[in-house]
Amino acid sequence: MITSTAQLIRELQEAEARKLAEQDIRHPGTIGDMYEGLTSELVGLSIPDEFDLRVVTGFAYGPDGTLSPQLDVMVVSGEGEEIPYAKAFKWPVERVMAVLEIKKSLYGADVVDGLKKLAAVFKLHRAAVNAVGGEDTKLVMAARSFARTTGRFPESEAAVLRLPVSLQLLFDVFKAEQLAPVRVIFGYEGYVDEYGLRQGFLEQLQTVEEVAAHPERLPTLVVSRRNSVVKMNGQPYCVPLRDNGSWPVLVSEADNPIRILLEQLWTKLSVHFGVPLPMDDSLEQERFNLLLGCAFGLVTATDTRMISYEAYEADRADLEATRQSPIRNWAPAPSDSNETVLISAAAARRLDLSDASLQAWALSEGLDLRAACDQLVQKRLLAWIDETKLRPINDTVISTILPGGGLFATGGEAELFQLWLKETMGRR
């Protein structure tokens with residue numbers, strides 16, 4: 001559903017933006033109001049009817065009454081307070097689902113402004129969570145996203161503390177990301193291509209220490225024209241850690257940023273309200289280019305977090321090659337009968353490599369048990385709980401044997417699996 005909805009909204013956005021550009025208006029405030037109003041209308045169209053949500057402008061405030069900077073567009077739930085004679089609102093930050101900073105033309109100073117405002121919203125929300133102890137609720141999505149990124153699934157706070165320090169610090173970021181609002185800088189014009197947005201964003205990020213020193217404060221999405229910088233925070237997008245342990249925190253893309261926005265917003269709503277949404281109506285996968293990696297460490301003398309970044313270089317030719325490459329469709333992982341046995345056992349009661357009966361079965365099959373499990377973790381069908389135990393990343397694991405042979409498995413992507421099966425069977 002997201003792909004078709006995003007395409008319709010993108011076409012409407014482009015048509016209405018052309019009308020705004022033709023207006024003979026020079027007043028900056030009025031120009032800003034026009035683009036903010038258009039964005040509010042588009043976001044309102046994209047919100048599923050299942051939720052009692054509003055799209056407003058104004059301020060978020062924390063539990064002590066601290067106000068955020070003025071925010072262009074907020075997606076909010078529950079009740080807020082109307083500001084007299086201002087057509088704006090004050091809203092409790094814990095009821096803010098998404099924040100969008102709107103720029104008619106996105107360049108350096110506007111990136112800095114957006115970074116600072118969205119970081120302020122994140123800090124305000126973090127303070128609200130800490131004030132009410134909300135971190136203990138609804139963190140399954142964070143654990144699954146962490147498992148998809150690292151191959152490890154900590155099932156308790158005690159399990160988190162047994163992870164290497166670098167992964168403990170990364171898990172804290174994933175927790176904060178699940179609870180925080182979606183945070184977007186949206187430019188209708190500005191950097192003309194993906195390369196320009198990548199370079200401009202990284203240049204400006206270096207000047208905003210309050211964000212660069214805290215990767216969790218990075219926005220979830222930055223848009224300029226059709227180009228995007230996307231955060232791999234597991235809500236819903238993520239990619240595995242690099243071989244050097246670096247977390248690819250940001251990627252870029254040059255297609256339809258509305259689809260990415262809807263993926264992020266609908267994931268937030270689905271997790272927050274505990275209501276599954278019909279997300280997928282296409283097997284097409286985004287063509288991402290890695291942009292920025294992040295690694296965590298600890299300065300033991302001061303017990304402070306240390307952050308190091310790694311920029312992934314790509315010139316215009318590299319990015320254009322990605323954009324022109326064939327669309328990559330989602331497909332379940334090819335599997336075999338032994339892997340299916342291991343997946344089924346893990347889904348039923350967890351998988352323990354120290355179990356004598358499991359070892360005897362592996363011996364009878366001539367199977368290197370740990371190597372086979374490592375392969376399933378690499379496919380992100382299973383994740384390590386500790387050094388010997390594994391579990392599925394998602395509650396649902398699906399496997400199928402196609403007519404004429406071919407065994408496939410997936411974890412949790414039921415809608416995608418049904419689309420893939422329908423297309424595959426139709427071809428056959």
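What this report covers is the structure whose coordinates are included nearby. Just so you know, these numbers come straight off a predicted model, no measurement behind them.

Our next topic: the packing of aromatic side chains. Considering all chains together, one arrives at 12 aromatic pairs under this definition. Plain terms: the ring middles of Tyr237 and Phe288 are 5.3 Å apart, the flat faces sit at 90° to each other, and that makes the pair edge-to-face. Taken together, the residues span a long stretch of sequence, with Tyr237 in the loop between strand S8 (227-231) and strand S9 (247-254) and Phe288 in the loop between helix H9 (257-273) and strand S10 (289-299) at a distance of 51 residues. The exposure class of Tyr237 is buried, given its relative accessible area of 8%. Put simply, the rings of Phe146, Phe171, Phe174, Trp247 and Phe296 pair up and form one aromatic cluster. Seen from the ring of Phe153, Arg391 lies directly overhead, with NZ or CZ sitting 3.8 Å from the centre.

For the structure on display, the rule yields 25 salt bridges. Notably, a salt bridge pairs Glu210 with Lys123, separated by 4.0 Å at the nearest N-O pair. Highlighted residues: Glu210 in helix H8 (residues 209-212) and Lys123 in helix H3 (residues 108-132), separated in sequence by 87 residues. Assessed through its relative accessible area of 33%, Glu210 is described here as partly exposed. Looking at Lys123, the relative accessible area reads 35%, which means it is partly exposed. Across the salt bridge formed by Glu177 and Arg183, the nearest N and O atoms sit 3.4 Å from each other. Both residues of the pair, Glu177 and Arg183, count as buried. One connected set of salt bridges, linked through shared partners, spans Arg10, Glu14, Arg226 and Asp255.

Right, let's get into the sheet that holds strand S13 (residues 351-352). Pairing in this open sheet of three strands is antiparallel, and the strands run S13-S15-S14 from one edge to the other. Strand pairing shows two members of the sheet lacking a second neighbour, S13 and strand S14 (382-384), which therefore form its edges. Pairing of S13 with strand S15 (residues 389-392), which is carried by two bridges, proceeds in the antiparallel orientation. Opposite Leu351, over in S15, you have Leu390 as the bridge partner.

Soluble globular proteins tend to pack their nonpolar side chains together in the buried interior. Ranked by internal contacts, the top residues of the largest apolar core, which has 90 residues, are Met74, Tyr188, Phe201, Leu205, Trp247 and Leu250. The biggest single contributor to this core is H3, with eight residues. If we ignore the near neighbours within four places in the chain, the residues touching Met74 are Arg54, Val55, Val56, Thr57, Gly58, Phe59, Ala60, Phe89, Trp91, Val96, Ala98 and Val99.

Spatially, three strands are ordered S12-S17-S16 in an open sheet, and the strand pairing comes out antiparallel. Looking along the sheet, the strands with just one partner apiece sit at the ends: strand S12 (333-335) and strand S16 (397-401). Pairs of neighbouring strands in the sheet enclose a mean axial angle of 30°, with direction left out of account. Taken together, the three bridges between S12 and strand S17 (residues 407-411) define a ladder with antiparallel strand orientation. Opposite Ser335, over in S17, you have Leu407 as the bridge partner.

Let's shift gears to the side chain of Glu177. Positionally, Glu177 belongs in helix H6 (residues 165-179). Side chain to side chain, Glu177 and Arg183 meet in a polar contact 3.4 Å long. Excluding anything up to four places from it in sequence, Glu177 contacts Arg183, Pro215, Glu216, Thr220, Lys231, Asn233 and Gln235.

This part covers the packing of helix H11 (residues 337-349) against helix H13 (residues 369-378). As a packed pair, H11 and H13 sit with axes 11 Å apart at the nearest point and diverge in direction by 80°. Taken together, the axis directions place H11 and H13 in an arrangement best described as roughly perpendicular. Of the residues in H13, those touching H11 at Glu339, Leu342 and Ile343 are Leu369, Ala372, Cys373, Gln375 and Leu376. Here the residues of the contact of H11 with H13 are counted per class, giving six nonpolar, one polar and one charged.

In a regular helix each residue adds 1.5 Å, so 20 residues correspond to 28 Å; helix H1 (residues 2-21) covers 28 Å between its end C-alpha atoms and thus fits that length. Taken residue by residue, H1 has Ile2, Thr5, Ala6, Ile9, Arg10, Gln13, Ala17 and Leu20 as its buried positions. Looking straight down H1, one finds its buried side chains confined to an arc of 130°; they lie on one side. Opposite the packed face of H1, turned more than 90 degrees from it, sit the exposed residues Leu8 and Arg18. In this fold, the buried residues of H1 make contact with helix H2 (28-46), strand S6 (182-190) and H9.

Turning our attention to the environment of Asp368. Considering the arrangement of structural elements, one finds Asp368 in the loop between helix H12 (356-365) and H13. One polar contact links the side chain of Asp368 to the main-chain amide nitrogen of Ala371, over a distance of 3.1 Å.

Among the five residues that make up S17, five are buried, leaving the element largely enclosed by the rest of the structure. Residues Leu407, Ala409 and Gly411 point to one face of S17 and Phe408 and Thr410 to the other, with burial holding for every one of them. Bridge count between S16 and S17: five bridges; the pairing is antiparallel. Within the sheet, the bridge partner assigned to Ile398 lies in S17 and is Thr410. The turn linking S16 back onto S17 is made up of five residues, and Gly404 within it adopts a positive phi angle of 85°.

About the thresholds
Residues numbered from 1 in each chain as written. Predicted model: local features only at pLDDT ≥ 70, side-chain atom pairs only at ≥ 80, totals over all residues. Heavy atoms only, no water. Phe/Tyr/Trp six-rings, centres within 6.5 Å; stacked < 30°, edge-to-face > 60°. Helix = DSSP H or I, 4+ residues; strand = E, 2+ residues; numbered from the N terminus. Buried < 20%, exposed > 50% of the residue type's maximum accessible area, 1.4 Å probe, protein only. Lys NZ or Arg CZ within 6 Å of the ring centre and 35° of its normal. Salt bridge = Lys/Arg side-chain N within 4 Å of Asp/Glu carboxyl O. Pairing = 2+ DSSP bridges. Core = buried A, V, L, I, M, F, W, Y, C linked by side-chain atoms within 4.5 Å. Contact = heavy atoms within 4.5 Å. Axes fitted to C-alpha atoms, helices over the stretch in contact; angles between N-to-C directions. Polar contact = N/O pair within 3.5 Å; in protein donor to acceptor, adjacent residues only side chain to side chain. Parallel < 35°, antiparallel > 145°, perpendicular 65-115°, else oblique. Nonpolar A, V, L, I, M, F, W, Y, C, P; charged D, E, K, R; others polar. Expected span 1.5 Å × (residues − 1). Arc of directions from axis to C-beta.

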